[in-house]
Amino acid sequence: MPSLTFWLAYFAFGAAAGVIAGLLGVGGGIVVVPALYWFFTAQGFSQELIMQMALGTSLAAICFTSVSSFRAHHRRGAVLWPIVKTITPGILVGTFAGSCVAARLPTGFLKGFFVCFLYYVSAQMLLNIKPKPSRQLPGKAGMFGAGATIGAVSSLVGIGGGTLSVPFMTWCNIPMHTAVGTSAAIGFPIAVAGSIGYIINGLGTPNLPSLSLGYISLPALVGIAGVSFLTAPYGAKLAHKLPVATLKRVFAIFLLAMATRMLVGLF
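Here the structure is a predicted model, which is why all the values come from computation and not from measurement.

A.B. asks: Honestly, the overall build of the chain in this entry has me stumped. Any pointers?
C.D. replies: Along the backbone of the chain there are 10 helices and two strands. The C-alpha radius of gyration computed for the chain amounts to 17 Å, which stays within 12% of the reference 18 Å derived for 267 residues, consistent with globular compactness. Here the C-alpha coordinates of the chain stretch approximately 50 × 35 × 35 Å along the principal axes. The proportion of buried residues among the 267 residues of the chain is 56%. Summarising the internal contacts of the chain: among those between residues at least 6 apart in sequence, 83% fall at separations of at least 24. Here the chain has roughly 10,900 Å² of accessible surface; of this, 73% comes from carbon and sulfur atoms.

Structural data, given as structure tokens:
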């Protein structure tokens, strides 16, 4: 059982993850995964399992955060449910397959992949890189392919997919606020399929910490999800009031710092 210090840390990062998920549509996992990596390391989790535990627990937490976030966006009419319906089959297949692959990869590779992804997201936000709205949404086959790709990458980095789905929808002429809200809804099937994958592939694995369900740490899940569910609506509310472009740049600097800290730990 985690000490009081770790419970407080779970609550703090859960609150931050909820606000970020609602505000930027990038998925709270982008903050939760590196935090869990450090927390699990400090608690003495088996080194070869730490990254899988961080990814699986992050996706399980997003199951709750995404519901709270997309409900708040839905109340503001910012979720395009036809897109969610069309892209979900690909999301489910890609995310589950990605989690099965991640369960068999070494922690060092997963950590390096996540660091590279953080640098990509940081550059995207810091430079305000946006794809030019130059086309319309593809048909069912194209949406399945897009969903499978978004889901696979999301399962490898433990996020709700917003860093990929928002640019994809923007490229397809979906307004930014609507893309953010729709991305929050897309995060739910990503989180569910990823969680199931990390549970199934983690069952029976040697050296799992106590109170784990496969590659999901139940104490961390309770601490993070319990608070992020409450704070996500505030992030969604702020998304319609604050200068999101400025906030993204500040957040990008924070991500750069986290990525660099994790990169140093690789060597």
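Text resumes after the structure shown.
A.B. asks: Would you mind showing me how to read the packing of aromatic side chains here?
C.D. replies: Under the criterion given, the structure shown has 11 aromatic pairs. The interplanar angle of 70° and the centroid separation of 6.3 Å between the aromatic rings of F6 and F39 together place this pair among those described as edge-to-face. Of the two residues, F6 sits in helix α1 (residues 4-24) while F39 sits in helix α2 (residues 29-42), which places them 33 residues apart along the sequence. Judged by its relative accessible area of 17%, F6 falls in the buried class.

A.B. asks: Just checking my understanding: could you explain a nonpolar patch on the surface for this structure?
C.D. replies: The grouping of L126, L127, I129 and I253 at the surface amounts to a nonpolar patch, some 380 Å² of accessible area in total. Secondary-structure assignment places I253 in helix α10 (residues 244-265). Under the relative-accessibility criterion, I253 is labelled exposed at 53%.

A.B. asks: What exactly am I supposed to notice about the nonpolar core here?
C.D. replies: Where a protein is soluble and globular, its nonpolar side chains tend to be buried together. Residues Y10, I30, L36, F40, M51, L118 and L255 are the most contacted members of the largest nonpolar core, which totals 72 residues. Of the residues forming this core, the biggest block, 11 residues, is contributed by helix α3 (residues 50-75). Excluding anything up to four places from it in sequence, I30 contacts F114, F117, L118, V121, I159, T163, F251, L255 and M258.

A.B. asks: Explain the environment of A185 to me, please; I cannot follow it from the model alone.
C.D. replies: The residue A185 is located in helix α8 (residues 176-202) in this model. When the C-alpha atoms of A185 and A78 are compared, they prove to be 10 Å apart, with 107 residues separating the residues in sequence. If sequence neighbours within four positions are ignored, A185 has contacts with F70, V79, W81 and V84.

A.B. asks: Teacher, can you tell me more about the environment of T260 here?
C.D. replies: Among the structural elements, T260 can be located in helix α10. The spatial distance from the C-alpha of T260 to the C-alpha of I190 is 27 Å, given a sequence separation of 70 residues. Among the polar contacts listed, one links the side chain of T260 to the backbone oxygen of L256, at a separation of 2.8 Å.

A.B. asks: Mind showing me how you'd approach α2 here?
C.D. replies: In an α-helix, one turn spans 3.6 residues, which is why side chains three or four residues apart end up on the same side. Between the first and last C-alpha of α2 there are 19 Å, a value that for 14 residues agrees with the 20 Å anticipated at 1.5 Å per step. When you tally the buried positions in α2, you get 11 out of 14 residues, the bulk of the element. Every buried residue belonging to α2 is among G29, I30, V31, V32, V33, P34, A35, L36, Y37, F39 and F40, and all of these are buried. Looking one or two places after α2, you find G44, whose phi comes out positive at around 80°.

Cut-off values and rules
- Residues numbered from 1 in each chain as written.
- Predicted model: local features only at pLDDT ≥ 70, side-chain atom pairs only at ≥ 80, totals over all residues.
- Heavy atoms only, no water.
- Helix = DSSP H or I, 4+ residues; strand = E, 2+ residues; numbered from the N terminus.
- Rg over C-alpha atoms; globule rule 2.2 N^0.38 Å.
- Buried < 20%, exposed > 50% of the residue type's maximum accessible area, 1.4 Å probe, protein only.
- Contact = heavy atoms within 4.5 Å.
- Areas by Shrake-Rupley, 256 points an atom, 1.4 Å probe, with all protein chains shown as cover.
- Phe/Tyr/Trp six-rings, centres within 6.5 Å; stacked < 30°, edge-to-face > 60°.
- Patch = residues over 30% accessible without salt bridge, like charges linked within 9 Å, V, L, I, M, F, W, Y side chains within 5 Å.
- Salt bridge = Lys/Arg side-chain N within 4 Å of Asp/Glu carboxyl O.
- Core = buried A, V, L, I, M, F, W, Y, C linked by side-chain atoms within 4.5 Å.
- Polar contact = N/O pair within 3.5 Å; in protein donor to acceptor, adjacent residues only side chain to side chain.
- Expected span 1.5 Å × (residues − 1).

The values reported here are purely geometric and, on their own, carry no functional implication.
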